[in-house]
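Inside the fold
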Amino acid sequence: MSTLPMVVPDPGLPSKVTIYEVGPRDGLQNEKSVVPTEVKAAFVKRLLDAGLPVVEATSFVHPDWVPQLADAADLMTGLTADLGDAARQLPVLVPNRRGLDRAVGLGLRHVAVFASATETFADKNLNRTLASQFEMFEPTIEAALAAGMDVRGYVSMCFGDPWEGAVPIEQVVAVGTRLLDLGVGQLSLGDTIGVATAGHVKALVAAFADAGVACERLALHFHDTYGQALTNVHAGLQSGVTTYDASAGGLGGCPYAKSATGNLATEDLVWFLTGLGIEHGVDLDAVVGTSVWMAQQLGRPSPSAVVRALGSADS
Ligand code: HMG
Ligand code: MG
């Protein structure tokens, strides 16, 4: 390992990016097998040690809906015993008050609600309508803010929906601005099924700007189904967005969205940003080593091109 790309900046791009790691949550929620809690804890710790500034650890959702993350409380209790306050800073997903109460009970400080931009996915993922999902989020966000917590808001199916097809940009902006109005700090725009292309990314960021939402409030969350994720990151950088979600080893998907494959791999993103001379603070070798180790735990190779190029069995 220790191979890095030659650094040749592309003028006009941001000089620094925040990588928001979602592997332990978005990655493991979609695994067929349930990963043991101690392996999840080791995964989170290795990612933090690799320099990832934010590691989304798990979800406080209904355990029947996502059995892979049913051990959320045990995981966070164990991490807190081990890492102290650093574990309380790890974000977790909460869809509703019940999920928030579980997170608050453990002293966690950062939560994320997850909305749908489409009617069908709101039904499939949240058992709500497009309109009624907000009745669930409003009291959740209000209580989290009252408890001094920080709330992220995801919007799924921003670039296309497997049941409804094209998703109008104004529909995505309407859902996103509603979440911002409810008090979320950062909005993560999700390409849940990986159909986004570069022009679409720029158009969506521009539509949010037209609605008064600065690119500093936005994060982009790409899945790599059609191999477009890094091209889409480039488009996002050109639009001024500086936070990108990624998943170590390219693990991931959504159990309630057919055709959702893995997220943009953290390693692929780190390679790309490094070549552009964009600061990210992440040790590429350490993440690759983590993904090789996780692939061994899961019994299948990582789909990440960079992990395949740099990884070796003895990592
Ligand atoms: P529901 O059945 O409508 O829930 O599900 P309910 O409010 O009617 O409650 C029914 C029972 O569930 C009650 O228990 C509640 O207490 C319990 P009872 O009184 O019958 O004994 N309950 C809970 N228990 C534990 N934790 C909770 C919880 N909430 C209710 N939080 C619900 C509604 C939202 C709960 C359900 O639909 C759900 O859990 N959905 C989660 C689906 C999910 O996690 N999907 C993956 C994450 S989203 C994603 O991956 C996309 C993203 O990556 C971005 C992108 O790529 O686009 C973020
Ligand atoms: Mg996702």
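What counts and how
Residues numbered from 1 in each chain as written. Chains lettered and ligands numbered in written order. Predicted model: local features only at pLDDT ≥ 70, side-chain atom pairs only at ≥ 80, totals over all residues. Heavy atoms only, no water. UniProt positions renumbered as here; feature names shortened; annotations may be inferred. Helix = DSSP H or I, 4+ residues; strand = E, 2+ residues; numbered from the N terminus. Contact = heavy atoms within 4.5 Å. Near = heavy atom within 4 Å. Polar contact = N/O pair within 3.5 Å; in protein donor to acceptor, adjacent residues only side chain to side chain. Areas by Shrake-Rupley, 256 points an atom, 1.4 Å probe, with all protein chains shown as cover. Nonpolar A, V, L, I, M, F, W, Y, C, P; charged D, E, K, R; others polar. Pairing = 2+ DSSP bridges. Disulfide = S-S within 2.5 Å. Salt bridge = Lys/Arg side-chain N within 4 Å of Asp/Glu carboxyl O. Buried < 20%, exposed > 50% of the residue type's maximum accessible area, 1.4 Å probe, protein only. Core = buried A, V, L, I, M, F, W, Y, C linked by side-chain atoms within 4.5 Å. Right-handed = clockwise from strand over helix to strand, strands pointing away. Donors = N, O, S within 2.8 Å, 3.2 Å for Na, K, Ca; no water. Phe/Tyr/Trp six-rings, centres within 6.5 Å; stacked < 30°, edge-to-face > 60°. Lys NZ or Arg CZ within 6 Å of the ring centre and 35° of its normal.

The name given to the protein in an unreviewed UniProt entry is Hydroxymethylglutaryl-CoA lyase, and the organism recorded there is Nocardioides kongjuensis. Its UniProt record gives the protein the following Sequence similarities (unreviewed entry) comment, quoted word for word: "Belongs to the HMG-CoA lyase family."

Moving on, we get to the side chain of Thr274. Summarising the element assignment, Thr274 is placed in helix 11 (residues 266-275). Sequence-distant contacts of Thr274, defined by excluding residues within four places in its chain, comprise Leu4, Pro5, Val7 and His280.

We now examine the site of ligand 1. Near ligand 1, the surroundings consist of 27 residues, among which Gln29, His62, Arg128, Ser156 and Thr192 are the closest. Gln29 is positioned such that a nitrogen or oxygen atom in its side chain is 2.7 Å from an oxygen atom of ligand 1. Taking Arg128, its side chain carries an N or O atom lying 2.8 Å from an oxygen atom of ligand 1. Summarising the interface, the protein chains cover 75% of the accessible area of ligand 1, which totals 1,100 Å² for the free molecule. Mapped onto the shell around ligand 1, the elements with two or more residues apiece are helix 1 (23-27), helix 5 (97-105), helix 6 (119-126) and strand 6 (150-156). Of the residues that constitute the shell around ligand 1, the class distribution is 11 nonpolar, 11 polar and five charged.

Taken in spatial order, the nine strands line up as 2-1-9-8-7-6-5-4-3 in an open sheet, and their pairing is parallel. The open sheet has two free edges, formed respectively by strand 2 (54-55) and strand 3 (58-59), since each of these has just one partner strand. Strand direction decides the pairing type here: strand 4 (residues 92-93) and strand 5 (residues 110-116), joined by two bridges, are parallel. Considered in strand 5, the bridge of Val92 is made with Val111.

We now examine the state of the cysteines. Taken as a whole and assessed by the stated rule, the structure comprises zero disulfides. Summary of cysteine pairing: Cys215 is not part of a disulfide, and the nearest cysteine sulfur, belonging to Cys158, is at 16 Å.

Moving on, we get to the pattern of salt bridges. Evaluated as defined, the whole model comprises eight salt bridges. With a closest N to O distance of 2.8 Å, Asp71 and Lys40 form a salt bridge. With Asp71 in the loop between strand 3 and helix 3 (72-83) and Lys40 in helix 2 (residues 37-49), this pair connects stretches of sequence that are 31 residues apart. Residue classification places Lys40 among the buried positions, given a relative accessible area of 3%. The partner of Asp85 in a salt bridge is Arg88, with the nearest N and O atoms 3.3 Å apart. Of this pair, Asp85 and Arg88 both sit in helix 4 (residues 85-88), three residues apart, which is roughly one turn of that helix. Overall, Asp85 belongs to the partly exposed group, its relative accessible area being 44%. Linked through salt bridges whose partners overlap, the residues forming this network are Arg25, Asp26 and Glu56.

Phe137, Leu179 and Leu237 are the most contacted members of the largest nonpolar core, which has 100 residues in total. In terms of residue count, the dominant contributor to this core is helix 12 (residues 284-298) (seven residues).

Now for the pairing of strand 9 (residues 243-246). Residues of strand 9 alternate between two faces, with Thr243 and Asp245 on one and Tyr244 and Ala246 on the opposite face, all of them buried. Two strands pair when backbone bridges link them, and strand 8 (residues 218-222) and strand 9 are joined in this way by two bridges, in the parallel orientation. Pairing of Leu220 across the sheet is with Tyr244, part of strand 9. Note on the crossover from strand 8 through helix 10 (residues 229-238) to strand 9: the handedness is right-handed.

Within the protein, the atoms that donate to the magnesium ion (ligand 2) are Asp26 (OD), His221 (NE2) and His223 (NE2), at distances of 2.1 to 2.4 Å. Linear spacing of the donor residues for the magnesium ion (ligand 2) on their chain is D-x194-H-x1-H.

Right, let's get into the packing of aromatic side chains. Ring pairs (aromatic) are described by centroid distance and by the angle formed between their planes. Using the criterion set out here, one finds four aromatic pairs in the structure. Here Phe121 and Trp163 contribute two aromatic rings whose centre-to-centre distance is 6.3 Å and whose plane-to-plane angle is 20 degrees, an arrangement assigned as stacked. Here Phe121, found in helix 6, pairs with Trp163, found in the loop between strand 6 and helix 8 (169-182); they are 42 residues apart in sequence, far enough to count as distant. Accessibility expressed as a relative area gives 30% for Trp163, which makes it partly exposed. Seen from their ring centres, Phe159 and Phe222 are 6.3 Å apart, and the 45 degrees between their planes marks the pair as tilted. Taken together, the positions of Phe159 in the loop between strand 6 and helix 8 and Phe222 in strand 8 put the pair 63 residues apart, joining distant regions of the chain. Judged by relative accessible area, which is 5%, Phe159 ranks as buried. Given the relative accessible area of 0%, Phe222 is considered buried. Over the aromatic face of Tyr154 sits the side chain of Arg25, whose NZ or CZ is 5.4 Å from the ring centroid.

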